[in-house]
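Given next are the chains, with one letter for each unit.
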Amino acid sequence: MIDLFLQMLSYPFLNRAIVVGTLVSLCASLLGVSLVLKRYSMIGDGLSHVGFGALAIATAANAAPLAVAIPIVVAAAFLLLRLSENSKIKGDAAIALISTGALAIGVMAISLSNGTNIDVYNYMFGSILAMSRGDVRLSVVLAAAVLTLYVIFYHKIFAITFDENFARATGVKAGWYNMLIALLTAITIVLGMRLMGTLLISSLVIFPALTSMRILKSFRSVVICSAVLSVLCFLIGIFFSYIWSTPTGASIVCVNIAAFFVFWAASFLLCRQRNR
């Protein structure tokens, strides 16, 4: 087992994928707790579809994918937030409107640029070969920025997650911090999308938070457990992907599903013991 792991680390493209995937898993799990509790968990799925459209346009224009996708997805995150708060188009309807529109634009861009089905498959489900050295450097910088901002504003994020109205009453600028969460989520989604794919990246946001909540109750314990669990599931998933030659994104999601059921079974057993 150790020999296989060391052999895996001998491939440069796998090392790049491990670095980026670990950072993205960490960022997504931290933000996922707040998104799940605020019932914004589907925003990750919506933004990933917007990212697909942005990546497709970047490919058609022969531009740097991340340089094009990040500002577009950030703008879409702010738009979704504004629509949810100040419009008759609420929550899931706003996400569906923007995500399906962006997905259609992406498919059209690939079609008009003589794209192949392989390109679409890689965008949809991710590719472990997609990360270049430049992407890794940019991902490390942006992920470090996401983690730093999350740590600095942790208490404010905690306040607006549990009781936004009370936070506003105490002088917290809830709108600003909601925009910060949207910004950090957009960056995280774009960074992980090329590895996990459009259809699977939102799993890194949702699964670790929901899994940790099966057993733990306090916000801080859930955040810590989600971070540790997300990174472990990613590393195990990419290791199994290497051994069995399975799609990387799907392997990571399957490990997250297994972890969810393990935690669910553990919570069930704990409840039975308490009721005795």
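To start, this report covers the structure provided alongside it. In this text, all values refer to a predicted model and were calculated from it rather than measured experimentally.

Before going further, it helps to spend a moment on the overall build of the protein chain. On a plain count of helices and strands, the protein chain comes out with 13 helices and zero strands. In the protein chain, the succession of helices and strands from N to C terminus is α-α-α-α-α-α-α-α-α-α-α-α-α. Computed over the C-alpha atoms, the radius of gyration of the protein chain is 19 Å, within 12% of the 19 Å expected from 2.2 N^0.38 for a compact globule of 276 residues. Referenced to the eigenvectors of the C-alpha coordinate spread, the extents of the protein chain come out at roughly 60 × 50 × 30 Å. The buried share of the protein chain, reckoned over its 276 residues, is 49%.

Next up on the list: a nonpolar patch on the surface. A cluster of nonpolar side chains, Ile224, Val228, Leu232 and Ile236, forms an exposed patch at the surface whose accessible area comes to about 350 Å². Structurally, Val228 can be placed in helix 12 (residues 219-244). Accessibility expressed as a relative area gives 47% for Val228, which makes it partly exposed.

Bringing empty space enclosed by the protein into the picture now. Applying the stated criterion to the full structure yields one cavity of 30 Å³ or more. If you add up the space inside the largest cavity, you get close to 60 Å³. Counting residues per element, the lining of the largest cavity draws most heavily on helix 10 (residues 174-196), at four residues. Taken together, the residues that form the lining of the largest cavity break down as six nonpolar, two polar and one charged.

Once that is clear, we can look at the side chain of Ser34. Positionally, Ser34 belongs in helix 2 (residues 12-37). Among the polar contacts made by the side chain of Ser34, one reaches the side chain of Thr161 at a distance of 3.1 Å. Apart from residues lying up to four places away in sequence, Ser34 is in contact with Ile157, Thr161, Ile181 and Phe219.

If you look at the biggest cluster of nonpolar residues, it comprises 81 residues, and the most contacted ones within it are Val33, Leu47, Leu80, Tyr150, Ile160, Met196 and Leu204. No other element matches helix 10, which puts 14 residues into this core. What Tyr150 contacts, discounting residues up to four positions off in sequence, is Leu30, Leu31, Ile157, Leu184, Phe219 and Val223. One finds Leu229, Cys233, Val255 and Ala259 within the second-largest nonpolar core, a separate group that totals six residues.

This brings us to the packing of aromatic side chains. Considering all chains together, one arrives at 15 aromatic pairs under this definition. Pairing Tyr154 with Phe219 gives two aromatic rings, centres 5.8 Å apart and planes at 45°, and the pair type is tilted. One end of the pair, Tyr154, is in helix 8 (residues 154-162); the other, Phe219, is in helix 12, and 65 residues separate them in sequence. Given a relative accessible area of 14%, Tyr154 falls into the buried group. Residue classification places Phe219 among the buried residues on the basis of a relative accessible area of 5%.

When the terminal C-alpha atoms of helix 3 (residues 43-60) are compared, their 26 Å separation across 18 residues agrees well with the 26 Å that a helix rising 1.5 Å per residue should span. Of all 18 residues making up helix 3, 15 are buried, and the element is well covered by its neighbours.

Criteria and thresholds
Residues numbered from 1 in each chain as written. Predicted model: local features only at pLDDT ≥ 70, side-chain atom pairs only at ≥ 80, totals over all residues. Heavy atoms only, no water. Helix = DSSP H or I, 4+ residues; strand = E, 2+ residues; numbered from the N terminus. Rg over C-alpha atoms; globule rule 2.2 N^0.38 Å. Buried < 20%, exposed > 50% of the residue type's maximum accessible area, 1.4 Å probe, protein only. Patch = residues over 30% accessible without salt bridge, like charges linked within 9 Å, V, L, I, M, F, W, Y side chains within 5 Å. Areas by Shrake-Rupley, 256 points an atom, 1.4 Å probe, with all protein chains shown as cover. Salt bridge = Lys/Arg side-chain N within 4 Å of Asp/Glu carboxyl O. 1 Å grid on protein atoms, 1.4 Å probe; cavity = no way out; pocket = protein on both sides within 12 Å on 5 of 7 lines; lining within 4 Å. Points joined across faces, edges and corners; volume = space filled by probe spheres on them. Nonpolar A, V, L, I, M, F, W, Y, C, P; charged D, E, K, R; others polar. Polar contact = N/O pair within 3.5 Å; in protein donor to acceptor, adjacent residues only side chain to side chain. Contact = heavy atoms within 4.5 Å. Core = buried A, V, L, I, M, F, W, Y, C linked by side-chain atoms within 4.5 Å. Phe/Tyr/Trp six-rings, centres within 6.5 Å; stacked < 30°, edge-to-face > 60°. Expected span 1.5 Å × (residues − 1).

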